[in-house]
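# Report on the structure
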Amino acid sequence: MSHSPLSRESLEWTRPMLEELCVEVRNSLESWADESTDDREKLLAQATEACEKVHRSLSVLNFESGDLMARAMRDALISLNDEDTDTRQAVQTVLEATAILPDYLDYVEASGSDQVGVILPVINDLRVTAGQPALDKADFFPVPLAGVRPPADQADGSASFPELRRQFQMALRNYLTEDCDAVLFGAVVEALLRIRNHPLLPNGLRRLAWALAGLAQLIESGQVAFSADISRHFSRLDTLLKEVCGETDELAIGSRADSAVRAVLFQVASTEADSPVTRELAAAFDFDRALSEPELEASVFLAGRSRDLIRAVTQAAQEDLARIKEVLGSQLESDRDPDVLEHQTDLLESVGESLAMIGLDALGKRIVQQARRLSSVGSDVDDPTLLEVARELLVVESSLSEGFSAAARVAVQEESDSGPAATLLPASELQRIVRHLIRESIEDLAHARHLLDGLARGKAEGDAAAEASAILRRIAGAIHLAGLEEPGRMLDATNSLVRDQFVTDAAAPVPEALNALAEALTVIEFHLEAIGTSGTQRTEAPFAAARRRLQALGYWPETPPESDMQFGPTAEPELEPELEPELEPELEPELEPELEPELEPELEPELE
């Protein structure tokens, strides 16, 4: 399977067309389902052709999961021509897919992450309807491959390719002929590690040997049983080794090996068993990140009317986890009370069941596993299990926090859309416009910083301060129009500071004000970049610090009256006649002689 990077910006501009095509599929299929409708054959052809267009568009964008869904929808529609197809089930499945795909596009555009596993159940329902086999989630395990280079020995003294293959075959044959004695799998592990360490083999093949060595070590220790599926993985490695010994293209071999690596790594990571090699694999391929699929945040976008339930359950789970962590912390600092730990175990199991109830199976399973570990904690103060459980709960709580933020953002958006002053634009179109506005604002903000930095270096033209002020004022107006009041007010404050320090009294800029300006410009840029993602939480503290600094200097604007907080198309004409004539004529003659010699020693270290 291809795992090329998704063209996020292209997806943003293509989405309106894709959503229209989904509507076309839905309308044509609903009309076709009415047996009294004329030209049913034409309607089905229209729906099929619309799905084909979605498939071709998403394929060009490297949008793997969307492409898989569009192809599955097309194939399900084609199957309606077959008399053996369950027509009612097929129509219902495709109609559900036409509703889910636009919501998933929303999620991908907001997160920049194409997670096939999130909608794989829908894809498989469509494939089964079309009479095709379901896809295995293991084939889409989201681990990085291209950037991972296995450990290697020196080329000198390494065994030849045929010798490596012979050693591997002998070790595996000894295991199979000796009644599958797990102890004998140690020789298989050693043979696989020799393949992994050979520097002249294709990296894809070495990665496969590394992953199989981890699996073999688990078989050796009795944590995993040898099975037909595992046997097929070993056979595949043997086939690839045979091709390497011949004249087959090594790039093709490496690519085919990587297609098998994901499935093996998924099996290793899913067992949650432990061995030296599996720990190496977990670190190299970042199992924690790959296993923590963004199922919560994705479910917020796909949940529809169930979103309020998800918000309530995740918020309650966060509160319960916080209390449990507090209790576990007290147990770490004192003698361990079995009754207290038993109560926390029951509470953890309850939290896990609640998350599973709303479809967050991975997080729920993770919490239940920690509950089982907690139930085995004894009175030994040196037992590290309690600390390990507490750390794991921190990770889960962080995942819940990010997902809850996503739920809150979507809910607030929907509430504002349904209010009396709601825009006539569809919510997805409004979000797209706001994201584009923020990107343009970030680019303009970088230009303003460049102008101010030029002033500090003595390399700016005389109207640089005026231009920087005008840019900041323009960005602030745009951000206010987008309804982002606090970022807009910070931009207002920075503009006031620039005018005060660089224009009105340019001869004596205050060092503390320049420090505050440098901090504010940096913070607002990071804050704008994080808007629309869960990263806004990480910018809250720096944003608050920059705001307090501007307030202390008197630049932070006072809270405007409620009647003045409405921003619309009439705001721009009122600002331009007041500010534009005032800035340009008065600033140009003053800046050139006074700013250049004064700013260089103090502003440069702060703004760069």
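The coordinates are above.
Before going into details, it helps to say that this report is about the structure given with it. Residue indices begin from 1 for each chain and proceed along its sequence in written order. Note on the predicted model: pLDDT of at least 70 is required for a residue's local features to be given, and 80 or more for side-chain atom pairs to be given and counted; whole-chain, interface and lining totals, by contrast, use all residues. By convention in this description, side-chain values take in all heavy atoms of the structure and omit both hydrogens and water.

### Things to note about a negative patch on the surface
On the surface, a cluster of negative charge is contributed by D337, D339, E342, D346, E349 and E353. By the element assignment, D337 lies in the loop between α14 (307–333) and α15 (338–357). Distance thresholds for patches are 9 Å for like charges and 5 Å for nonpolar side chains (Val, Leu, Ile, Met, Phe, Trp, Tyr), applied to residues having over 30% relative accessible area and no salt bridge. Reported accessibility uses the Shrake-Rupley method at a 1.4 Å probe radius. Residues are deemed covered only where the shown protein chains occlude them. Salt bridges are counted wherever a side-chain nitrogen of Lys or Arg sits within 4 Å of a carboxyl oxygen of Asp or Glu. Under this rule, positive means Lys or Arg and negative means Asp or Glu; His and the chain ends count for nothing. Where a charge lies is defined by one atom per residue type, namely NZ (Lys), CZ (Arg), CG (Asp) and CD (Glu). In this description a helix means any DSSP run of H or I spanning at least four residues, a strand means any run of E spanning at least two, and both kinds are numbered starting from the N terminus.

### Structural notes on the nonpolar core
Put simply, a nonpolar core is a bunch of buried Ala, Val, Leu, Ile, Met, Phe, Trp, Tyr and Cys residues held in one set by side-chain atoms that sit within 4.5 Å of each other. Buried residues are those whose accessible area, probed at 1.4 Å on protein chains only, stays under 20% of the maximum for their type, while exposed residues exceed 50% and partly exposed ones sit between those limits. By size, the foremost hydrophobic cluster in this structure holds 49 residues, and its most contacted members are F168, F234 and L265. Elements that contribute at least two residues to this core include exactly α6 (161–177), α7 (185–197), α8 (203–220), α9 (228–245), α10 (250–271), α11 (276–285) and α12 (287–291). By the convention used here, residues are in contact when the closest approach between their heavy atoms is within 4.5 Å. When near neighbours in sequence (up to four residues on either side) are disregarded, F234 contacts F168, L172, F185, V188, L192, L212, A216 and F226. Core analysis: the second largest hydrophobic core is formed by 42 residues, V25, A72, L135 and F140 among them.

### A look at the packing of α7 against α9
Lines are fitted to the C-alpha atoms to define the axes, a helix being fitted only along its stretch in contact, and any angle between axes, read from their N-to-C directions, falls within 0 to 180 degrees. For the pair α7 and α9, interaxial distance at closest approach is 13 Å and the crossing angle is 40°. Taken together, the axes of α7 and α9 lie oblique to each other. Here the hand of the crossing between α7 and α9 comes out left-handed. Touching F185, V188, L192 and I195 of α7 are F234, L237 and L241, all from α9. Here the angle decides the label: under 35 degrees means roughly parallel, over 145 means roughly antiparallel, 65 to 115 means roughly perpendicular, and every other value means oblique. Handedness of a helix crossing follows the sense of rotation of the near helix relative to the far helix, less than a right angle counterclockwise being left-handed and clockwise being right-handed.

### Describing unusual backbone geometry
If a residue is not glycine, its phi is most likely negative; likewise, a peptide bond is most likely trans. The residue D39 is not glycine, and still its phi comes out positive at about 55°. Its location among the elements puts D39 in the loop between α1 (8–33) and α2 (40–60).

### Topic: the environment of V183
Looking at the secondary structure, you find V183 in the loop between α6 and α7. Classification of V183 as exposed rests on a relative accessible area of 62%. For the pair formed by V183 and S221, sequence separation is 38 residues and the distance between their alpha carbons is 7.6 Å.

### Some thoughts on the side chain of S441
With respect to the helices and strands, the residue S441 is situated in helix α18 (residues 427–457). Those residues in contact with S441, other than ones at most four positions away along the chain, are I475, A478 and I479.

### Digging into the pattern of salt bridges
Where charged atoms of side chains with opposite charge meet at close range, the side chains can pair. Scanning the entire structure with this criterion turns up 18 salt bridges. A salt bridge links E243 to R256; the nearest nitrogen and oxygen atoms lie 2.6 Å apart. With a gap of 13 residues between them, E243 in helix α9 and R256 in helix α10 connect regions that are remote in the sequence. A relative accessible area of 36% means that R256 is categorised as partly exposed. E486 serves as the salt-bridge partner of R547, at 2.9 Å between the closest nitrogen and oxygen. Remark: E486 occurs in helix α20 (residues 485–504) and R547 occurs in helix α22 (residues 536–552); sequence separation between them is 61 residues.

### What to know about α11
Here α11 has its buried residues at V277, T278, L281 and F285. The arc that holds every buried residue of α11, seen down its axis, measures 100°, which confines them to one face. Just downstream of α11, D286 is the residue with a positive phi angle, here 55°. Note that the arc is defined by the directions from the helix axis to the C-beta atoms.

### Some remarks on the packing of aromatic side chains
Working definition: a ring pair exists when centres of Phe, Tyr or Trp rings (six-membered ring for Trp) sit within 6.5 Å. Plane angles under 30 degrees give stacked, over 60 give edge-to-face, the rest tilted. According to the stated counting rule, one finds 10 aromatic pairs in the structure shown. The interplanar angle of 20° and the centroid separation of 6.0 Å between the aromatic rings of F63 and Y104 together place this pair among those described as stacked. Residue F63 is located in the loop between α2 and α3 (64–78), and its partner Y104 is located in helix α4 (residues 87–111); the two are separated by 41 residues in the primary sequence. Through a chain of ring-to-ring contacts, three or more aromatic side chains come together here, namely F168, Y175, F185, F226 and F234. Geometrically, a lysine NZ or arginine CZ counts as sitting over a ring once it is within 6 Å of the ring centre and also within 35 degrees of the ring normal. For the cation-ring pair, R40 lies above W32, with the distance from its terminal atom to the ring centre recorded as 4.3 Å.

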